[in-house]
Amino acid sequence: MDVRQILKDLTIGAGVSGCEQEIVPIAEKYLKEYGEVHTDTLGNVILTVDGEGDGVLLDAHIDMVGMIVTAITPEGFLRVDACGHIDTRQLGAQQVTIHGKKNISGIVISTPPHLRGNSENNGMKMSDVLIDTGFSENEIKEIVSLGDRVTVNSEFTELLGDRVSCGALDDRAGMASLICALEYLKEKGCKKKITVSFSTREEVGGSGAKTAAFNADAKELIAVDVSFADTPDSNSEECGELSKGPMIGVSASLDYDMSQKFIGTAKKCGIPYQLEIMGGRTGTDADGMTIARGGFISGLISIPLRYMHTGVEVVSVSDVENTGRLIAEYIAGGNENA
């Protein structure tokens, strides 16, 4: 399968937390090849694959960070707040899209350096962010309403080697890896009962994933998200490396035996992998899903990603593919390996 094309398709739609509708038809298009697909009360896209034995729930979140319009000034500028932990350092002078009655372009204001005081730094707080669309107050109110979402403009770009860059790769890369896993399992003729949730609202607390988990007929949970990839300005001990394989989570909040079985599967199948060691909560949907209803035997696999929560996130295509392969091998029989 063409993983680059899948990633490109999945990053076309916006889907800021709580307003994920734009990406839903694209997700449904890919999932419907593997079973029955529906959208639940909270907007999660759910695939169910009939099969044997205790079910496995696979999850990757569908939403992305962005902004929400909170006010319109008398001059026609838009005030916004963050939906998720957006990196405000990169907002000044960015081109953005406001998703109103129709999509319109805007520019985040940027004070020229000539007009800044010597004590001012280049940082920006959300309270400083204003968006200039060129419209007057009355004109903009015909198109934009309070509560409309805003996204930083981003273009899917192929870098050298197997790297690609775009906004929303957190966690559309995880979605792509699960599509890969489903294709591998189909090729293997696996008869396991599987549920896949592309869950909403992860960036604002994970209510979508908790609901999907509560409704799932499954015993095990495998959550897929992104984690930090090493860059020269980062602490390498807290990061994985691009193109070195999926990051297997080991944490007090995850099932230790499941983590070890992931490692055993990777070794047996020759899949490159890395470890991500966490002392407590993982900061992903796995935390809330694990304790939904009667609880799940849960594991987490993360894809290394650079420049998180910006419009230029970077992943390795091979890491996405190997994440899907690891999950498929585990489900198809690798879980016998400790």
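These lines cover the structure that appears in this document, whether it is placed above or below. (Residues numbered from 1 in each chain as written. Predicted model: local features only at pLDDT ≥ 70, side-chain atom pairs only at ≥ 80, totals over all residues. Heavy atoms only, no water.)

## Topic: the sheet that holds strand S14 (residues 247–251)
On the basis of which strands lie adjacent, the open sheet formed by 8 strands has the order S1-S2-S12-S3-S13-S16-S14-S15 and mixed pairing. Both edges of this open sheet fall to strand S1 (36–39) and strand S15 (274–278), since each of them pairs with a single strand only. Pairwise comparison of adjacent strand axes, ignoring direction, gives a mean angle of 25 degrees for this sheet. Where strand S13 (residues 220–228) lies against strand S16 (residues 297–305), 9 bridges are found, and the strand directions are parallel. Counterpart to valine 224 in the pairing with S16 is isoleucine 301. (Pairing = 2+ DSSP bridges. Helix = DSSP H or I, 4+ residues; strand = E, 2+ residues; numbered from the N terminus. Axes fitted to C-alpha atoms, helices over the stretch in contact; angles between N-to-C directions.)

## A word on the pattern of salt bridges
This structure, assessed with the given rule, holds 11 salt bridges. Across the salt bridge formed by arginine 163 and aspartate 162, the nearest N and O atoms sit 3.6 Å from each other. Using a relative accessible area of 17% as the deciding quantity, one classes aspartate 162 as buried. (Salt bridge = Lys/Arg side-chain N within 4 Å of Asp/Glu carboxyl O. Buried < 20%, exposed > 50% of the residue type's maximum accessible area, 1.4 Å probe, protein only.)

## Brief notes about unusual backbone geometry
In the segment running from aspartate 170 into aspartate 171, the intervening peptide bond is cis, with an omega of 10 degrees. Residue placement: aspartate 171 occurs in helix H4 (residues 169–188). In the Ramachandran plot, arginine 201 falls in the positive-phi region, its phi being about 65 degrees despite a non-glycine side chain. With respect to the element layout, arginine 201 can be found in the loop between strand S12 (192–199) and helix H5 (207–215). Of note in the backbone geometry, arginine 293 takes a positive phi value of approximately 50 degrees without being a glycine. Assignment of secondary structure puts arginine 293 in the loop between helix H7 (285–290) and S16.

## Regarding the state of the cysteines
Across all of its chains, the model carries 0 disulfides by this definition. The closest cysteine sulfur to the non-disulfide-bonded cysteine 166 is located on cysteine 180, 17 Å from its own sulfur. Here cysteine 190 is not cross-linked by a disulfide; its sulfur's nearest cysteine counterpart is in cysteine 269, at 13 Å. On the basis of relative accessible area, cysteine 190 is assigned to the partly exposed category, the value being 28%. (Disulfide = S-S within 2.5 Å.)

## Some remarks on the sheet that holds strand S17 (residues 313–316)
On the basis of which strands lie adjacent, the open sheet formed by 3 strands has the order S10-S11-S17 and antiparallel pairing. For this open sheet the edge positions go to strand S10 (157–158) and S17, each flanked by a neighbour on one side alone. Pairing geometry for strand S11 (residues 163–166) and S17, over 4 bridges, is antiparallel. If you follow serine 165 over to S17, its bridge partner there is valine 314. Sitting on the sheet, H4 is in contact with S11 and S17, with an inclination near 25 degrees to S17. The sheet strands contacting helix H8 (residues 317–332) are S11 and S17, and the helix crosses S17 at an angle near 60 degrees. (Contact = heavy atoms within 4.5 Å.)

## Some thoughts on the nonpolar core
Membership of the largest hydrophobic core comes to 55 residues, with the highest contact counts inside it found for Leu7, Leu58, Val196, Phe198, Ile222 and Ile327. Looking at which element gives the most residues to this core, the answer is H4, with 10 residues. Dropping the residues within four chain positions of it, leucine 7 is found in contact with Phe156, Val164, Leu169, Arg172, Ala173, Ala176, Val317 and Val320. Counting residues in hydrophobic clusters, the runner-up holds 20 residues, among them Met67, Val69, Ile86 and Ile131. (Core = buried A, V, L, I, M, F, W, Y, C linked by side-chain atoms within 4.5 Å.)

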